[in-house]
Amino acid sequence: MRIGIDVRYLSHGLFGGVHTYVRHFAPALIELAAEHQVFLYADTKRPFELTHLPRPTTLRLLPYRGPLSSLWLDFTLQQAMARDGVEVAHFPANYGFGPAGARTVITLHDAMNIYPWAEIMRGLKTSNSYNPRNIAMFTYLHWLTRLAVRRAHLLLTVSQHARADITRHSGLDPARIVPVPHAPTPDLRRVEDPARLAEVRQRHQLSRPFVLADALKNPAVLIRAWSRLPVELRERHQMVFFCRRPDPLPVIREAEAAGLARLLVRPSREDLIALYSQARAFVFPSWIEGFGIPVLEAMTCGAPVIASNRGAIPEVAGEAAQLIDAEDDAALAAKLTPVLSDPAEAARWQARGFARAALFSWRGTAQSILDAYQQALALPPAARLAAAGTVA
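Small disclaimer: the values here were computed from a predicted structure and weren't measured.

S.K.: Mind showing me how you'd approach the pattern of salt bridges here?
M.R.: Side chains that differ in charge, positive against negative, can pair when their charged atoms come close. Within this structure, the stated rule accounts for 22 salt bridges. Across the pair Arg-269 and Asp-187 runs a salt bridge, and its minimum N-O distance is 3.1 Å. Here Arg-269, found in helix α10 (residues 269-278), pairs with Asp-187, found in the loop between β7 (177-179) and α6 (194-203); they are 82 residues apart in sequence, far enough to count as distant. What makes Arg-269 partly exposed here is its relative accessible area of 28%. Linking Arg-262 and Glu-256 is a salt bridge whose minimum nitrogen-to-oxygen distance equals 3.8 Å. Residue class for Glu-256 comes out partly exposed when judged on its relative accessible area of 24%.

S.K.: Where do I start with the packing of aromatic side chains in this structure?
M.R.: Aromatic ring pairs are defined here through the distance separating the ring centres and the angle between the ring planes. Within the structure shown, the criterion is met by eight aromatic pairs. Plain terms: the ring middles of Tyr-21 and Phe-25 are 4.9 Å apart, the flat faces sit at 40 degrees to each other, and that makes the pair tilted. A residue pair is termed a helical-turn pair when its members lie 3 or 4 positions apart in one helix, as Tyr-21 and Phe-25 do in helix α1 (residues 17-32) at four residues. Of the two residues, Tyr-21 and Phe-25, both sit in the buried class. Ring geometry for Tyr-276 against Phe-282: centres 5.4 Å apart, planes inclined by 80 degrees, an arrangement best described as edge-to-face. With respect to burial, Tyr-276 and Phe-282 carry one shared label: buried. Following the ring pairs from residue to residue traces out a cluster consisting of Phe-242, Tyr-276, Phe-282 and Phe-284.

S.K.: Explanation requested: the sheet that holds strand β13 (residues 322-324) in the structure shown.
M.R.: By way of backbone hydrogen bonds, the strands of a sheet pair with one another, either parallel or antiparallel. The strand order β10-β9-β8-β11-β12-β13 describes an open sheet built from six strands, whose pairing is parallel. For this open sheet the edge positions go to β10 (261-265) and β13, each flanked by a neighbour on one side alone. In this sheet, adjacent strand axes meet at a mean angle of 20 degrees when their direction is disregarded. When strand β8 (residues 210-214) meets strand β9 (residues 238-243), the two strands line up parallel, connected through five bridges. Its bridge partner lying in β9, Ala-213 is registered against Phe-241. Relative to β10, helix α9 (residues 250-257) is tilted by about 125 degrees, and along the sheet it contacts β9 and β10.

S.K.: Sorry if this is basic, but what is going on with the layout of surface pockets here?
M.R.: A probe matching the size of a water molecule, rolled over the atoms, marks out where space remains unfilled. When its volume is computed, the second largest pocket comes out at roughly 270 Å³. Lining the second largest pocket are 16 residues; nearest its centre among them are Pro-184, Thr-185, Pro-186, Ser-361 and Trp-362. Counting residues per element, the ones that place at least two in the lining of the second largest pocket are α1, α14 (343-357) and α15 (362-377). Take the lining of the second largest pocket: its biggest share by element is three residues, from α1. Looking at side-chain class alone, the lining of the second largest pocket contains ten nonpolar, four polar and two charged residues.

S.K.: I tried to follow the nonpolar core on my own but got confused; where do I start?
M.R.: Nonpolar side chains in soluble globular proteins tend to be buried together. By size, the foremost hydrophobic cluster in this structure holds 71 residues, and its most contacted members are Ile-5, Phe-25, Leu-212, Phe-282, Met-299 and Tyr-373. In terms of residues, this core owes the most to one element, α1, which gives nine residues. Not counting residues within four places of it along the chain, the set of residues in contact with Leu-212 comprises Val-240, Phe-242, Leu-275, Tyr-276, Ala-279, Ala-281, Phe-282 and Val-283. Val-211, Val-221, Ile-306 and Ile-324 belong to the second largest nonpolar core, which has 29 residues in total.

S.K.: Quick question: what am I supposed to make of the side chain of His-19 here?
M.R.: Among the structural elements, His-19 can be located in helix α1. In terms of polar contacts, His-19 uses its side chain to reach the side chain of Glu-49, at 2.9 Å. When residues no more than four places from it in sequence are discounted, the contact partners of His-19 are Tyr-9, Leu-10, Leu-14 and Glu-49.

S.K.: Sorry, what's going on with the packing of α6 against α10 here?
M.R.: Helix-helix packing is characterised by the crossing angle of the two axes and by the distance between the axes. Contact geometry for α6 and α10: axes closest at 10 Å, N-to-C directions at 105 degrees. In terms of orientation, α6 lies roughly perpendicular with respect to α10. Contacts from Arg-196, Leu-197, Val-200, Arg-201 and Arg-203 in α6 reach Glu-270, Asp-271, Ala-274, Leu-275, Ser-277 and Gln-278 in α10. In the contact of α6 with α10, the residues fall into four nonpolar, two polar and five charged.

S.K.: Just to check I follow, could you spell out the pairing of strand β11 (residues 281-284) for this structure?
M.R.: If a strand is regular, its side chains alternate between the two faces of the sheet. Covered by surrounding structure in β11 are Ala-281 and Val-283 together with Phe-282 and Phe-284, the residues of both alternating faces. Of the strand pairs in this sheet, β11 and strand β12 (residues 305-308) are connected by three bridges, and their pairing is parallel. Each bridged residue has a counterpart across the sheet, and for Val-283 the counterpart in β12 is Ile-306. Taken together, β11, helix α11 (residues 293-300) and β12 form a β-α-β motif whose crossover is right-handed.

Scoring rules and cut-offs
- Residues numbered from 1 in each chain as written.
- Predicted model: local features only at pLDDT ≥ 70, side-chain atom pairs only at ≥ 80, totals over all residues.
- Heavy atoms only, no water.
- Salt bridge = Lys/Arg side-chain N within 4 Å of Asp/Glu carboxyl O.
- Helix = DSSP H or I, 4+ residues; strand = E, 2+ residues; numbered from the N terminus.
- Buried < 20%, exposed > 50% of the residue type's maximum accessible area, 1.4 Å probe, protein only.
- Phe/Tyr/Trp six-rings, centres within 6.5 Å; stacked < 30°, edge-to-face > 60°.
- Pairing = 2+ DSSP bridges.
- Axes fitted to C-alpha atoms, helices over the stretch in contact; angles between N-to-C directions.
- Contact = heavy atoms within 4.5 Å.
- 1 Å grid on protein atoms, 1.4 Å probe; cavity = no way out; pocket = protein on both sides within 12 Å on 5 of 7 lines; lining within 4 Å.
- Points joined across faces, edges and corners; volume = space filled by probe spheres on them.
- Nonpolar A, V, L, I, M, F, W, Y, C, P; charged D, E, K, R; others polar.
- Core = buried A, V, L, I, M, F, W, Y, C linked by side-chain atoms within 4.5 Å.
- Polar contact = N/O pair within 3.5 Å; in protein donor to acceptor, adjacent residues only side chain to side chain.
- Parallel < 35°, antiparallel > 145°, perpendicular 65-115°, else oblique.
- Right-handed = clockwise from strand over helix to strand, strands pointing away.

The structure is reproduced here in structure tokens:
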């Protein structure tokens, strides 16, 4: 099988979930696909991130001359794939167009790009992101994704929940949408070195044992739950919120001013792993998640997890996390109290988390993707999704 993969995310200096996905599934798939010919397509905007590619892998670096080059390659990358005789073309970043005669596989990470345009615009207004640049970008992604999905043969996505959401908004046959989970990244290991843990605590001015949470994932419910904890637990512990943006919700600043919490803006990856590794609990009451990778990150590092029961979180967490409704602060306090007060209870959830996280690996993800390529190749060339669904 001649496989072509659009890996431009690895030559643009990008970060985030899609970058993590491409960065880790691609080398794992190359290792598994020794009997196949793999072609990787990137551009020259930044140095390509993967080195020492094994044979018979071929890297095509396409010219990048400016911002319009990305738009140009969105439509012309298929020509390079056609010259290489690609049989399966995989676009892992929500959209792409394979060459004629090839089977096109798209990883649609969630349904956001195919929501009705008016709903996308309402979301931008709600998040205070409604400006000309974002309007143009999200309109382009909406239009391009819906067009690309119509022409694809098979979709991959990250969870059963995401598949159901995509089906609901597209009318596509769910049998042509394959859930393939993500996995913790290889750098995630529980930090055991007491000196390293103490250094991180000291540098971030963490003087008490703490509960860790993401400042962008419904932090108010944890702050409300905190006031319900027994006084002795509140006095012995603190909340620590990490945030990838410098402008968290006001409730975070209020909790910090009251001495209840610490806010860490953009901690390094190494520091975040050390924080996971010594957190008394990781609380993730997210309103919605297409997958919920922080749940597995915390489990991998040994933090007992309490999370919401929304989106894909229940299927990711399995029986290894305590689940609550995202707005139920009373239930959160009831789950958090024994974890903070009883070491045996904390150890029980820690052990469950270790076992659950071990079920996810990028090698397993890559194998599922390779199996999906075989499924796509078995389809007739004309069996595009536009013929099987109603997405327009």
